[in-house]
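Structural overview for review
Now for the letters of each chain:
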Amino acid sequence: MLKLIVSDTSCLILLHKINQLDLLKYLFGSVTITQIVADEFGILLPDFIIIENPKEQNYQKILETIIDPGESSSIALALDNDNCLLILDDLKARKVAKQLKLDFTGTLGLLVVAKEKRLIDSVSVVIDEIKKTNFRIAEKYFEAIKRKAGE
(Lines give C-alpha, C1' and ligand atoms only; values in the text may rest on other atoms or scores of the structure.)
Protein backbone atom coordinates (compact mmCIF):
# COMPACT_ATOMS: atom_id res chain seq x y z
CA MET A 1 0.00 0.00 0.00
CA LEU A 2 1.38 3.39 -0.96
CA LYS A 3 1.99 5.88 1.80
CA LEU A 4 -0.18 8.98 1.93
CA ILE A 5 2.04 12.06 1.92
CA VAL A 6 0.50 14.98 3.83
CA SER A 7 2.19 18.37 3.73
CA ASP A 8 1.78 21.43 5.87
CA THR A 9 1.95 24.89 4.33
CA SER A 10 5.56 25.75 5.17
CA CYS A 11 7.00 23.06 2.90
CA LEU A 12 4.88 24.22 -0.04
CA ILE A 13 5.73 27.88 0.49
CA LEU A 14 9.45 27.25 0.88
CA LEU A 15 9.77 24.95 -2.12
CA HIS A 16 7.71 27.39 -4.21
CA LYS A 17 9.99 30.30 -3.20
CA ILE A 18 13.08 28.43 -4.41
CA ASN A 19 11.36 27.05 -7.54
CA GLN A 20 11.53 23.46 -6.31
CA LEU A 21 7.85 22.65 -5.71
CA ASP A 22 7.97 19.91 -8.37
CA LEU A 23 10.45 18.10 -6.16
CA LEU A 24 7.43 16.81 -4.22
CA LYS A 25 5.98 15.33 -7.42
CA TYR A 26 9.25 13.62 -8.30
CA LEU A 27 9.68 12.25 -4.77
CA PHE A 28 6.13 11.08 -4.13
CA GLY A 29 3.97 11.30 -7.25
CA SER A 30 1.25 13.10 -5.32
CA VAL A 31 0.95 15.06 -2.09
CA THR A 32 -2.20 15.61 -0.08
CA ILE A 33 -3.04 18.81 1.75
CA THR A 34 -6.10 20.08 3.56
CA GLN A 35 -8.26 22.97 2.39
CA ILE A 36 -6.84 25.08 5.23
CA VAL A 37 -3.31 24.45 3.95
CA ALA A 38 -4.42 25.28 0.39
CA ASP A 39 -5.93 28.54 1.64
CA GLU A 40 -2.76 29.39 3.59
CA PHE A 41 -0.62 28.61 0.52
CA GLY A 42 -2.83 30.92 -1.52
CA ILE A 43 -1.42 30.03 -4.92
CA LEU A 44 -2.90 27.90 -7.70
CA LEU A 45 -2.05 24.30 -6.86
CA PRO A 46 -0.26 22.05 -9.32
CA ASP A 47 -2.18 18.95 -10.39
CA PHE A 48 -0.12 16.57 -8.24
CA ILE A 49 -1.42 18.20 -5.03
CA ILE A 50 -4.70 16.74 -3.82
CA ILE A 51 -7.02 18.38 -1.29
CA GLU A 52 -8.54 16.13 1.36
CA ASN A 53 -9.91 17.19 4.72
CA PRO A 54 -9.75 15.20 7.95
CA LYS A 55 -12.82 13.13 8.70
CA GLU A 56 -12.54 13.70 12.44
CA GLN A 57 -12.91 17.45 12.96
CA ASN A 58 -12.67 17.10 16.75
CA TYR A 59 -8.99 16.12 16.49
CA GLN A 60 -8.35 19.28 14.52
CA LYS A 61 -10.20 21.47 17.02
CA ILE A 62 -8.24 20.02 19.93
CA LEU A 63 -4.92 20.42 18.09
CA GLU A 64 -5.75 24.05 17.25
CA THR A 65 -5.49 24.85 20.96
CA ILE A 66 -1.71 24.25 20.73
CA ILE A 67 -0.65 24.64 17.08
CA ASP A 68 -1.85 26.63 14.09
CA PRO A 69 -4.84 25.59 11.93
CA GLY A 70 -2.80 24.35 8.95
CA GLU A 71 -0.61 22.13 11.08
CA SER A 72 -3.64 20.98 13.08
CA SER A 73 -5.55 19.99 9.96
CA SER A 74 -2.50 18.18 8.53
CA ILE A 75 -1.96 16.19 11.72
CA ALA A 76 -5.69 15.43 11.97
CA LEU A 77 -5.63 14.13 8.39
CA ALA A 78 -2.60 11.98 9.21
CA LEU A 79 -4.47 10.55 12.19
CA ASP A 80 -7.22 9.45 9.78
CA ASN A 81 -4.72 7.38 7.77
CA ASP A 82 -2.65 4.48 9.05
CA ASN A 83 0.06 4.70 6.42
CA CYS A 84 1.03 8.36 6.28
CA LEU A 85 4.13 10.54 6.13
CA LEU A 86 3.68 14.10 7.38
CA ILE A 87 5.86 16.98 6.18
CA LEU A 88 6.12 19.50 9.03
CA ASP A 89 8.71 22.16 9.72
CA ASP A 90 7.34 23.84 12.85
CA LEU A 91 9.05 22.53 15.99
CA LYS A 92 5.92 22.59 18.14
CA ALA A 93 3.94 20.71 15.46
CA ARG A 94 6.74 18.15 15.14
CA LYS A 95 6.65 17.57 18.91
CA VAL A 96 2.89 16.97 18.72
CA ALA A 97 3.35 14.56 15.79
CA LYS A 98 6.04 12.72 17.74
CA GLN A 99 3.78 12.42 20.81
CA LEU A 100 1.06 11.01 18.55
CA LYS A 101 3.59 8.52 17.09
CA LEU A 102 3.12 9.82 13.56
CA ASP A 103 5.76 9.39 10.86
CA PHE A 104 7.08 12.82 9.84
CA THR A 105 9.92 14.66 8.19
CA GLY A 106 10.68 18.27 7.35
CA THR A 107 11.45 20.09 4.14
CA LEU A 108 15.18 19.83 4.82
CA GLY A 109 14.88 16.08 5.33
CA LEU A 110 13.28 15.83 1.90
CA LEU A 111 16.41 17.37 0.40
CA VAL A 112 18.52 14.47 1.64
CA VAL A 113 16.12 11.99 0.02
CA ALA A 114 16.07 14.06 -3.17
CA LYS A 115 19.87 13.91 -3.34
CA GLU A 116 19.87 10.15 -2.67
CA LYS A 117 17.43 9.74 -5.56
CA ARG A 118 19.59 12.05 -7.71
CA LEU A 119 16.81 14.59 -8.11
CA ILE A 120 19.18 17.32 -6.94
CA ASP A 121 22.97 17.41 -7.23
CA SER A 122 23.69 19.23 -4.00
CA VAL A 123 21.84 19.85 -0.75
CA SER A 124 24.22 22.74 -0.06
CA VAL A 125 23.20 24.58 -3.21
CA VAL A 126 19.51 24.26 -2.31
CA ILE A 127 20.23 25.36 1.26
CA ASP A 128 21.97 28.45 -0.12
CA GLU A 129 18.74 29.24 -1.99
CA ILE A 130 16.69 28.66 1.18
CA LYS A 131 18.91 31.08 3.09
CA LYS A 132 17.87 33.82 0.62
CA THR A 133 14.25 33.42 1.78
CA ASN A 134 12.66 34.30 5.10
CA PHE A 135 12.67 30.66 6.24
CA ARG A 136 13.92 30.66 9.83
CA ILE A 137 16.02 27.77 11.03
CA ALA A 138 19.16 27.55 13.14
CA GLU A 139 22.41 27.14 11.22
CA LYS A 140 23.14 23.92 13.15
CA TYR A 141 20.19 22.24 11.38
CA PHE A 142 21.46 23.28 7.96
CA GLU A 143 24.86 21.85 8.88
CA ALA A 144 23.31 18.62 10.18
CA ILE A 145 21.39 18.14 6.91
CA LYS A 146 24.54 18.75 4.88
CA ARG A 147 26.38 16.13 6.93
CA LYS A 148 23.50 13.69 6.51
CA ALA A 149 23.73 14.24 2.75
CA GLY A 150 27.49 13.66 2.83
CA GLU A 151 28.40 17.27 2.05
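Check the entry above for the structure.
The structure contained in this document is the topic of the report that follows. Every value quoted in this text rests on a predicted model; they were computed, and no experiment measured them.

Examining the environment of K95
Structurally, K95 can be placed in helix 6 (residues 91–99). Here K95 falls in the exposed class, since its relative accessible area comes to 52%.

Here we look at the packing of helix 7 (residues 107–116) against helix 8 (residues 123–131)
Interaxial distance between helix 7 and helix 8 falls to 10 Å at its minimum, and their mutual angle equals 150 degrees. With respect to helix 8, the element helix 7 is oriented roughly antiparallel. Regarding helix 7 and helix 8, the two cross each other, and that crossing is right-handed. Of the residues in helix 8, those in contact with L108, L111, V112 and K115 of helix 7 are V123, V126, I127 and I130.

Details of the packing of helix 8 against helix 9 (residues 139–148)
Taken N-terminus to C-terminus, the directions of helix 8 and helix 9 make an angle of 160 degrees; their axes are 10 Å apart at the nearest point. Here helix 9 runs roughly antiparallel to helix 8, going by the angle between their axes. In this structure, the crossing between helix 8 and helix 9 has a hand that is right-handed. Contacts between helix 8 and helix 9 involve V123, S124, I127, I130 and K131 from the first element and E139, F142, I145 and K146 from the second. Of the residues belonging to the contact of helix 8 with helix 9, the class tally is 5 nonpolar, 1 polar and 3 charged.

Cut-offs applied
Residues numbered from 1 in each chain as written. Predicted model: local features only at pLDDT ≥ 70, side-chain atom pairs only at ≥ 80, totals over all residues. Heavy atoms only, no water. Helix = DSSP H or I, 4+ residues; strand = E, 2+ residues; numbered from the N terminus. Buried < 20%, exposed > 50% of the residue type's maximum accessible area, 1.4 Å probe, protein only. Axes fitted to C-alpha atoms, helices over the stretch in contact; angles between N-to-C directions. Parallel < 35°, antiparallel > 145°, perpendicular 65-115°, else oblique. Left-handed = near helix turned anticlockwise from the far one by under 90°. Contact = heavy atoms within 4.5 Å. Nonpolar A, V, L, I, M, F, W, Y, C, P; charged D, E, K, R; others polar.

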